[in-house]
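Fold and geometry: a report
As a plain string of letters, each chain reads:
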Amino acid sequence: MDIFDKYELLAQRRSQLLGAGADPFDLEIEDLHGPCEATIRGRRTILVGTNNYLGLTFDPECIEAGCAALRRLGTGTTGSRIANGTYASHRALEAEIAAFMGRAHAIVFTTGYQANLATISGLAGPKDVIFVDSDWHASIFDGCRLSGATVVRFRHNDPDDLDRRLERNPNPGGCRLIIVEGLYSMLGDVARLREIVAVKKRHGAFLLVDEAHAMGVFGAKGRGVAEAQGVEAEVDVIVGTFSKSLGAIGGFAVSDHPRFELLRVAARPYMFTASPGPATIATVRTALAKIAAHPELRARIWENAQRLHAGLSALGFTLCAPPGPILSIRLPDERTTVFAWNRLLELGVYVNLALPPGTPGGVCLLRGSVSAAHTPEQIEEVLARFARLAEELRQLTARVAAE
Amino acid sequence: MRASRHAPAMSTPDPDRLLVEISALVARFAPAGAQLTRATELVSDLSIDSVAAMDLVMEIEERYGIDIPVNEIADLVTLGDLVDLVARRLAARS
Ligand SMILES: Cc1ncc(COP(=O)(O)O)c(C=O)c1O
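Residues numbered from 1 in each chain as written. Chains lettered and ligands numbered in written order. Predicted model: local features only at pLDDT ≥ 70, side-chain atom pairs only at ≥ 80, totals over all residues. Heavy atoms only, no water.

**Some thoughts on the overall build of chain B**
Of regular secondary structure, chain B possesses 4 helices and 0 strands. From first element to last, N terminus to C terminus, chain B shows the α and β order α-α-α-α. Across the 94 residues that make up chain B, the buried fraction comes to 40%. Restricting the contact set of chain B to residue pairs at least 6 apart, pairs at least 24 apart contribute 61%. Carbon and sulfur atoms form 54% of the exposed surface of chain B, whose accessible area is close to 5,000 Å². (Helix = DSSP H or I, 4+ residues; strand = E, 2+ residues; numbered from the N terminus. Buried < 20%, exposed > 50% of the residue type's maximum accessible area, 1.4 Å probe, protein only. Contact = heavy atoms within 4.5 Å. Areas by Shrake-Rupley, 256 points an atom, 1.4 Å probe, with all protein chains shown as cover.)

**Let's talk about the site of the ligand**
Residues and elements named next belong to chain A. Taken together, the neighbourhood of the ligand is formed by 14 residues, with Tyr113, Asp210, His213, Thr241 and Ser243 sitting nearest. Histidine 213 is positioned such that a nitrogen or oxygen atom in its side chain is 2.6 Å from an oxygen atom of the ligand. When the ligand sits alone it has 390 Å² of accessible area, and the protein chains cover 84% of it. Of all the elements, helix α5 (residues 112-123) adds the most residues to the shell around the ligand, at 3 residues. In terms of residue class, the shell around the ligand is built from 2 nonpolar, 9 polar and 3 charged. (Near = heavy atom within 4 Å. Polar contact = N/O pair within 3.5 Å; in protein donor to acceptor, adjacent residues only side chain to side chain. Nonpolar A, V, L, I, M, F, W, Y, C, P; charged D, E, K, R; others polar.)

**Details of the pairing of strand β2 (residues 37-40) of chain A**
Residue and element names in this part refer to chain A. Every second residue of β2 is oriented toward a common face, with Glu37 and Thr39 on one face and Ala38 and Ile40 on the other, all of them buried. Where strand β1 (residues 29-32) and β2 come together, 3 bridges link them in antiparallel fashion. Note on β2: the bridge partner recorded for aspartate 31 is threonine 39. As consecutive antiparallel partners, β1 and β2 are separated by 4 residues, and within that stretch glycine 34 has a phi angle of approximately 85 degrees, a positive value. Where β2 lies against strand β3 (residues 43-47), 4 bridges are found, and the strand directions are antiparallel. Residue pairing for β3: alanine 38 is matched across the bridge by threonine 45. The antiparallel hairpin formed by β2 and β3 contains 2 residues in its connecting segment, where arginine 41 sits at a positive phi of about 50 degrees. (Pairing = 2+ DSSP bridges.)

**Brief notes about a negative patch on the surface**
Together, A:Asp26, A:Glu28, A:Glu30 and A:Asp31 make up a negatively charged patch on the protein surface. Relative accessible area serves as the criterion here: at 38%, A:Glu30 is assigned to the partly exposed category. (Patch = residues over 30% accessible without salt bridge, like charges linked within 9 Å, V, L, I, M, F, W, Y side chains within 5 Å. Salt bridge = Lys/Arg side-chain N within 4 Å of Asp/Glu carboxyl O. Lys, Arg positive; Asp, Glu negative; His and termini not counted. Charge placed at Lys NZ, Arg CZ, Asp CG, Glu CD.)

**Examining the sheet that holds strand β5 (residues 129-133) of chain A**
All names here are of chain A. Spatial strand order, β4-β10-β9-β8-β7-β5-β6: 7 strands in an open sheet with mixed pairing. Unpaired on one side and paired on the other, β4 (105-109) and β6 (150-154) mark the two borders of the sheet. Adjacent strand axes in the sheet meet at a mean angle of 20 degrees when their direction is disregarded. With 3 bridges connecting them, strand β8 (residues 206-210) and strand β9 (residues 237-241) associate as parallel partners. Note that in β9 the partner of aspartate 210 across the bridge is valine 239. Taken strand by strand, helix α7 (residues 159-168) contacts β5, β6 and β7 (176-181), and its axis lies near 150 degrees from that of β6. (Axes fitted to C-alpha atoms, helices over the stretch in contact; angles between N-to-C directions.)

**Topic: the packing of helix α2 (residues 50-64) of chain B against helix α4 (residues 79-93) of chain B**
Residue and element names in this part refer to chain B. Relative to each other, α2 and α4 sit at 35 degrees, their axes nearing to 12 Å. Relative to α4, the crossing made by α2 is right-handed. Every residue of α4 that contacts α2 at Leu56, Ile60 and Tyr64 is listed here: Leu82, Val86, Leu90 and Arg93. (Left-handed = near helix turned anticlockwise from the far one by under 90°.)

Put into structure tokens, the structure is as follows:
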């Protein structure tokens, strides 16, 4: 027996996709021309699938701050916070995130994935029960597994189902932790946090909200969906990432819990990995200051989201959620979706291809994300190219029907 | 509010009845006409992948008003394992 035999089904699935002419897992960005354009397959392409919500990856001040930190502090920290020391800039960033999010404590992690892994596995233990939304991100699922807690899924964004499950599982011997996302990354729908918070209070559970996709975009101050819905005080822990609105890499968790800092000596994905490098920390600090000082960035991404959503809807595409930073188009089947994804690349538009089993409910999606940095001309151009795609899809459907 | 808000007030069904009922739910996730016995393997015989398994479990949970922790789903191999797991959760409830 070979050690890779266990992946037989996976391998079949992959070659099936390759046969259909798509390798979404190995797309090469050959060169970049700012936050919204790249060269892909030798072609100048407009990027509509980067999660670069505020377009800060090429912000001159962020770049300068990163370069200065590289020169002054070097290329890497070469170790973990607990074994090899905390840099002053790690501390400064943590203080700034705490202030931005309006919380007493903030802990920075090396990636957003590890932020969930560390926070969830640090908060919950084998005696606890985690109630998690069924559209979970992989990092939430893996964090739950690492915790050793009993994990109960509830129906996506369904506070009544959550309520029933809490009712059935009082767990007097441990704690109960609810985990949801503010903005769901695949369909782009928003959590019903007000109702979830009401359920949480009734049952005396803890609540963690992953604002990975919402921070910088939702809320008057850009803190996320909990801020936008006015329920921050009832959210015990918020997890976020630096890899989307902040245009870098890394993650964080914030809380007002007086014992939150204990995670630094309890959460293994914090303790046993190298801390974020100086350049990353510096760009994130600058980006954070930028999004605090420039609410017009948020206004701009919402304008772009409205325009793109309206345009795509007018072309007859089925969008999975109201206008927002994530615009996912639902297509009828895998063949059509792979065709559309490839055609868009040929037309010079990059979106994400999302297929089952990676999608909720087994839907086939073209997942787009808008940026505050998209110009009106780029949005118009993207819509013109989608119009060509729509026409070709109509012809394809007509041909298939005639066959 | 969903109709299944209140779990059906029923006594725990006997094992044969449970097998029939759960087979009917499993059939919706399996290839048409698949043979369903206690020995049928969910992954290798029915190609029910991890995501479909989660959806199937959600249906079963709603049908019986129980919670099946994710931790226990990974251990399931056969349809019989699934029926036994549901029976255990039903017994724990009552
Ligand atoms: C909801 C959610 N949480 C966490 C993460 C992990 O963040 P990162 O990619 O920055 O590690 C992501 C994105 O990948 C995400 O979509």
